[in-house]
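Survey of secondary and tertiary structure
Here are the chains, one letter per residue:
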Amino acid sequence: MTTFPRNESDTVDESRDAFAQQLLNLARTLKIDPLVAENQVLDRVALSFRKLLNFLAQQAEATEMYLLAYPPDKVKAQLVATMQENFADAQLGEIFRKDIPIKLLAEFFIAMLLQLAQIPADPQGRHQQSLAATRLFCEGAWLGKE
């Protein structure tokens, strides 16, 4: 049986698929329970930012190719959809406000995440970035402090 060399397109697709699978699996673990205590909401959102930022930093080349490139790759749309699913129960549980569509909340979250991913930072810097992003995101999305 003859083995043909794989073309570059197959390798890129496999690389993108592996990156997407790891990223989306991580994102799915970050679902915010609609019954989470009010004093834990900021911690849960910050954890989401921090874990995703650390992953993107560890996978810098793939992040550049599949999330930060223009036009955006399908991985970005998949990540937005995953975060939308993560936030949906929290919105239904009245953790997040209902006057902003859940898809838009997910888009905002990912836009902030990808902007931060472009700023070089060590783990402590990413931790600080995640805290700042959480404050910005939650001040407008979270019903806990009206």
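Residues numbered from 1 in each chain as written. Predicted model: local features only at pLDDT ≥ 70, side-chain atom pairs only at ≥ 80, totals over all residues. Heavy atoms only, no water.

1. Some details on the overall build of the protein chain
Along the protein chain, the regular secondary structure elements total six helices and zero strands. Along the protein chain, helices (α) and strands (β) appear in the sequence α-α-α-α-α-α when read from the amino end. For the protein chain, the proportion of its 146 residues judged to be buried stands at 36%. Across the protein chain, contacts joining residues at least 24 apart in sequence account for 74% of those joining residues at least 6 apart. Carbon and sulfur atoms make up 53% of the accessible area of the protein chain, which totals about 8,600 Å². (Helix = DSSP H or I, 4+ residues; strand = E, 2+ residues; numbered from the N terminus. Buried < 20%, exposed > 50% of the residue type's maximum accessible area, 1.4 Å probe, protein only. Contact = heavy atoms within 4.5 Å. Areas by Shrake-Rupley, 256 points an atom, 1.4 Å probe, with all protein chains shown as cover.)

2. Overview of the packing of aromatic side chains
If you walk through the whole model with that rule in mind, you get nine aromatic pairs. Residues F87 and F96 carry aromatic rings whose centres are separated by 5.2 Å and whose planes lie at 80° to one another, so their mutual orientation is edge-to-face. Neither F87 nor F96 differs from the other in exposure class; each is buried. Taken together, the aromatic side chains of F49, F87, F96, F109 and F137 make up a single cluster linked through ring pairs. (Phe/Tyr/Trp six-rings, centres within 6.5 Å; stacked < 30°, edge-to-face > 60°.)

3. Concerning the packing of helix α2 (residues 41-58) against helix α5 (residues 102-117)
Where α2 meets α5, the axes come as close as 10 Å, and the angle between the chain directions of the two elements is 45°. Compared by their axis directions, α2 and α5 come out oblique. Here the hand of the crossing between α2 and α5 comes out right-handed. Between α2 and α5, the contacting residues are V45, S48, F49, L52, L53 and L56 on the first element and F109, M112, L113, L114, L116 and A117 on the second. By residue class, the composition of the contact of α2 with α5 is 11 nonpolar, one polar and no charged. (Axes fitted to C-alpha atoms, helices over the stretch in contact; angles between N-to-C directions. Parallel < 35°, antiparallel > 145°, perpendicular 65-115°, else oblique. Left-handed = near helix turned anticlockwise from the far one by under 90°. Nonpolar A, V, L, I, M, F, W, Y, C, P; charged D, E, K, R; others polar.)

4. Some points on α2
The terminal C-alpha atoms of α2, which comprises 18 residues, lie 26 Å apart, in line with the 26 Å expected from a rise of 1.5 Å per residue. Among the residues making up α2, those that are buried are V41, V45, A46, S48, F49, L52, L53, F55 and L56. (Expected span 1.5 Å × (residues − 1).)

5. Concerning the environment of L104
Within the secondary structure layout, L104 lies in helix α5. Distance from L104 to V80, taken between C-alpha atoms, is 9.2 Å for residues 24 residues apart in sequence.

6. Overview of unusual backbone geometry
A cis amide bond links Y70 with the next residue in sequence, P71, at an omega value of -5°. Topologically, P71 is positioned in the loop between α3 (60-66) and α4 (74-92). At E94, a residue that is not glycine, the phi angle is positive and equals roughly 65°. Note on placement: E94 falls in the loop between α4 and α5.

7. Regarding α5
With 16 residues, α5 should cover 22 Å at 1.5 Å per step; its first-to-last C-alpha distance of 22 Å lies within 8% of that length. Every buried residue of α5 is listed here: I102, L105, A106, F109, I110, L113, L114 and L116. Viewed along the axis of α5, the buried residues span an arc of 160°, placing them on a single side of the element. (Arc of directions from axis to C-beta.)

8. Describing the layout of surface pockets
Within this model, the largest pocket holds a volume of roughly 160 Å³. As for the largest pocket, its lining consists of 15 residues, of which L56, A57, A117, Q118 and I119 are closest to the centre. Mapped by element, the contributors of at least two residues to the lining of the largest pocket are α2, α3, α5 and α6 (123-141). Here the lining of the largest pocket is composed, by residue class, of 10 nonpolar, three polar and two charged. (1 Å grid on protein atoms, 1.4 Å probe; cavity = no way out; pocket = protein on both sides within 12 Å on 5 of 7 lines; lining within 4 Å. Points joined across faces, edges and corners; volume = space filled by probe spheres on them.)

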